[in-house]
Amino acid sequence: MYSNIPTSGNQPTNPFAAAKEDEIDLKVLLFNYLQYWHWIAICMFAGLVIAFLFNRYSTPIFKVESSVLIEDDEPSLGMDLFESAGFAGLQGKSNIENEIGILKSYTLAEEAVSELNLNVEYYQEGFLKTSRLYKNVPILISVDWKTNQLVGGMFRLEVLTEDSFELTIENEEFSIFDPKDPYYKTKPEDEIELSQSVYSFGETIQGENFAFKVNQISSLPGDMLLFRLMDSPTLALKYREDLQVSPTNKQSAILSLALETPVRRLGEDYINKLMEMYLQRELKEKNRASESTVDFINNQLTGITDSLQFSENRLQEYRTQNKIFNLSEEGSVVFERLQELEKEQSQTELNLKYYQTLQNYLNSDQAGDLVAPSIIGVTDPLLNSLVESLSQLQAERERLTSNFTDAAPAVRENQIRIENTKKALRENVNSAIANTQNVLANLNSQIRMIEGDINSLPETERNLISIQRQFAINENIYIYLLQKKAEAEITKAANMPKNKILDTAKAGQLPIAPKTSLNLLIGLILGFIVPIGVITVRDFLNTKIEDPKELENQLKVPLIGMIGRNQSDDAIPVLNNPRSTVTESFRSLRADMSYLSPNRENLTVLFTSSISGEGKTFVSINVASVYALMGKRVILLGLDLRKPKIAEDFNLPNDKGMSTCLSTDMDWREAVKATGFKNFDVLLSGPIPPNPAELLLQEKFGKIIREIKSEYDVVIFDCPPVGLVSETKELFAFSDINFFVFRQAYSMKGNTQILNNLVEKGGVSKMYAILNDVHVDKGYGYGYGYGYGYGYGTNSYGYHEEVQLPWWKRALRRRS
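Residues numbered from 1 in each chain as written. Predicted model: local features only at pLDDT ≥ 70, side-chain atom pairs only at ≥ 80, totals over all residues. Heavy atoms only, no water.

Caption draft 1: Up close: the overall build of the protein. Tallying secondary structure elements over the protein gives 24 helices and 23 strands in all. Going through the 816 residues of the protein one by one, you find that 45% of them count as buried. Taking the intrachain contacts of the protein between residues at least 6 apart in sequence as the baseline, contacts between residues at least 24 apart amount to 79%. Accessible surface, the protein as shown: approximately 42500 Å² in total, 52% of it carbon and sulfur. (Helix = DSSP H or I, 4+ residues; strand = E, 2+ residues; numbered from the N terminus. Buried < 20%, exposed > 50% of the residue type's maximum accessible area, 1.4 Å probe, protein only. Contact = heavy atoms within 4.5 Å. Areas by Shrake-Rupley, 256 points an atom, 1.4 Å probe, with all protein chains shown as cover.)

Next up, the structure:
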């Protein structure tokens, strides 16, 4: 208790002092929180209850998963020639990242949503939550999506009878969907109103921006449902964001598709439909080459069919008119040789036409579909592989651009590959055209030589050969094209997607959210952290003095004692309740003062504070009382001439006192009043003067004080707050011991600087601090309930008696 009292001599430094101080601080911090243990326990229990209710009434979320195998294409014949030339990426191998982008593309999501018809969402209200209905719904909403529709908001439907229902608007978070501009919605300018409230099932419900029908399925009177309309673009964006696509591992070519949804069957249907549309899209792209080949052949057949029919009719007419049906032996030999050359010529011309078409395609960069060279009869493996690669790269570009911008790295890389492939194709096609033209010129030369032999035949036979020759050319070309068309259609029928569905969508049996155990743990932790945080923030923001240890650390003078809270309404507990703990606090303070000013027969003690209300008058009266109990002749001087309180505490009239003595010729002894207690007198402040500071600065005041000290053993000064008035500083010269009174949970922490300035700058000596009204236990070792502030417990052994106030007064005191 006396550790802060100055002592003489040098004391040895304790090497463990700092560590001990830190240990005590940790204990103070711990006990500061432990005093609120019941609030912490209540908050932790509340956190558990909230977490339990959240788990109980939140909508469970299930995870739906499936998997797709991404297979690479077999490298085309001759593509190994390009590896050394820097075209290694031209095989059209599937890129995992590209396939992920395709599966998460908006276009694919919109196709899946449209196929499933998810544009109407149905809900059913429960006691604390609303659940979504899927498939087995008691009503069916038919929407005319060719007109404007209100989407996003909620409608409420109550079935009245088997044929009628009541329709109201639940909320008005509507947007207007315009089928002419489906990707941009607007907000309604006016409030949405229905023309009526009761409708019949099957009736068209129509308004300014909506039109739909409600069809009866299995609803009963009294059923209550909620529904809202959702446009396909919005749904596609939502499902696109919710879908998770990722490889099962870094080396795997298997993609995992996952969707978290409260409706398991809906999630399964969506992922299955999405994978179905993904494979259909891939198959459609693979069939494009066959379809382009068939279109090319059909265009050729259109012209050759007419020529074939014309030459056939002409041949029949010539035979009929000239009555000639067979050629001579020499004519047959010449015709067979000519027929072989012309057949070869027609195929060569067809190849040349294909090369020229391909050349025009490459030179003009036109957006068209390539025809496979092998279908036309071109057997060049390098050309076939180049055309196939270009077709695959262009298909990949279309898939990429549907999901990425042109600036995306994958799109730029794909474009570079297309340009490189086109460059290689141009060189190959130019070479092929030159070679084909040379072959065709050679064939034409041989045909002209045979035509010379034909001129030596009779005219009738020569004309027949000419007509029959034209017919044979057209017939061979026609048969050849029909054969190639059949081959292209067979190829198209045999096409299969290279990627495969490994697992159809399946939902887990247990929900992934809410996580019951985790939420309970979070609730428990938050229930612990929140009150701790509130206590910490409150203490951090608290500007009042509460912790005696903190007060000691801030002061430049010793903290001599602590006075506990007075549990009674009595202002003088020392005299009226001598066995109370508050009385024992004052006895302890009296004992300390014998060390502060030893060997003095007469003692003058001054009490002041920083502001009014800190209890300096209460402390002054009871310190005077505790000396009076010792048999000392004590006088209490009321020197607070501005706001006197002593007269009220002793039920005395404040008609005369110090102000009277200083302003008139009245002797101070005439102003002294008996308190009714033995050895205890009081000199009140008297009527409030207009110039209190000037009165106390008179020489007469010093004379009065010297006379008082000669007649009394103990003189107690009850001075005004030094932080508010100036005259108190002059009174320090008349006292032996000076006490600065602080009040717990009342005095501001910054007021300690007033006391420090008095000592450091004002030169006031013998200055000490007292903490009054200690009632908040701020940690380890500072309870006042034991009677000494720092002392040991004695209440439980019957040494002190406390005056118990009514419960409502005790509650008010705790709040103050």
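Caption draft 2: How the structure looks around a negative patch on the surface. A grouping of Glu172, Glu189, Asp190, Glu191, Glu193 and Glu208 is seen on the molecular surface, where their side chains present a negatively charged patch. Position of aspartate 190 among the secondary structure elements: in the loop between strand E8 (175-177) and strand E9 (198-200). (Patch = residues over 30% accessible without salt bridge, like charges linked within 9 Å, V, L, I, M, F, W, Y side chains within 5 Å. Salt bridge = Lys/Arg side-chain N within 4 Å of Asp/Glu carboxyl O. Lys, Arg positive; Asp, Glu negative; His and termini not counted. Charge placed at Lys NZ, Arg CZ, Asp CG, Glu CD.)

Caption draft 3: A look at the sheet that holds strand E14 (residues 254-261). Sheet architecture is open: four strands sit in the order E13-E14-E1-E15, paired in antiparallel fashion. Edge strands, defined here as strands with exactly one partner in the open sheet, are strand E13 (244-247) and strand E15 (500-507). The average angle at which neighbouring strand axes cross in this sheet is 15°, direction not considered. Bridge count between E13 and E14: four bridges; the pairing is antiparallel. When the sheet's bridge partners are listed, glutamine 244 is paired in E14 with alanine 258. (Pairing = 2+ DSSP bridges. Axes fitted to C-alpha atoms, helices over the stretch in contact; angles between N-to-C directions.)

Caption draft 4: Main features of the pairing of strand E3 (residues 130-133). As paired elements, strand E2 (residues 120-125) and E3 share four bridges and run antiparallel to each other. Pairing of tyrosine 123 across the sheet is with arginine 132, part of E3. The turn joining E2 and E3, which pair antiparallel and follow one another in sequence, is formed by four residues.

Caption draft 5: Inspection of the nonpolar core at higher detail. The biggest cluster of nonpolar side chains holds 40 residues, and the ones touching the most others in it are Leu637, Leu639, Ile708 and Phe742. Once residues lying within four places of it in the same chain are set aside, the contact partners of phenylalanine 742 are Ile545, Leu551, Leu555, Glu614, Ser747, Asn751, Thr752, Leu755, Ala769, Ile770, Leu771 and Asn772. (Core = buried A, V, L, I, M, F, W, Y, C linked by side-chain atoms within 4.5 Å.)

Caption draft 6: Main features of the packing of aromatic side chains. One pass over the structure, following the stated rule, counts 16 aromatic pairs. Centroid distance phenylalanine 650 to phenylalanine 680: 5.6 Å. Interplanar angle 85°. Geometry classified as edge-to-face. Taken as a pair, phenylalanine 650 in helix H17 (residues 646-650) and phenylalanine 680 in strand E20 (residues 680-683) lie far apart in primary sequence, 30 residues in all. In this structure, phenylalanine 650 and phenylalanine 680 share a single accessibility class: buried. Members of the aromatic cluster, joined through ring pairs, are Phe155, Phe174, Phe210, Phe212 and Phe227. Directly above the ring of tyrosine 239 sits lysine 238, whose terminal nitrogen or CZ lies 4.8 Å from the centroid. (Phe/Tyr/Trp six-rings, centres within 6.5 Å; stacked < 30°, edge-to-face > 60°. Lys NZ or Arg CZ within 6 Å of the ring centre and 35° of its normal.)

Caption draft 7: Quick peek at the pattern of salt bridges. In total, this model carries 24 salt bridges according to the counting rule given. With a shortest N-O distance of 3.8 Å, arginine 281 and glutamate 111 are connected by a salt bridge. Remark: glutamate 111 occurs in helix H4 (residues 106-116) and arginine 281 occurs in helix H6 (residues 264-322); sequence separation between them is 170 residues. When its relative accessible area of 18% is taken as the criterion, arginine 281 is described as buried. Lysine 238 is paired through a salt bridge with aspartate 242; the nearest N and O atoms lie 3.2 Å apart. Note that lysine 238 and aspartate 242 are positioned in helix H5 (residues 232-242) at a spacing of four residues, about one turn of the helix. The structure contains a network of salt bridges with shared partners spanning Asp667, Arg669, Glu707 and Glu711.

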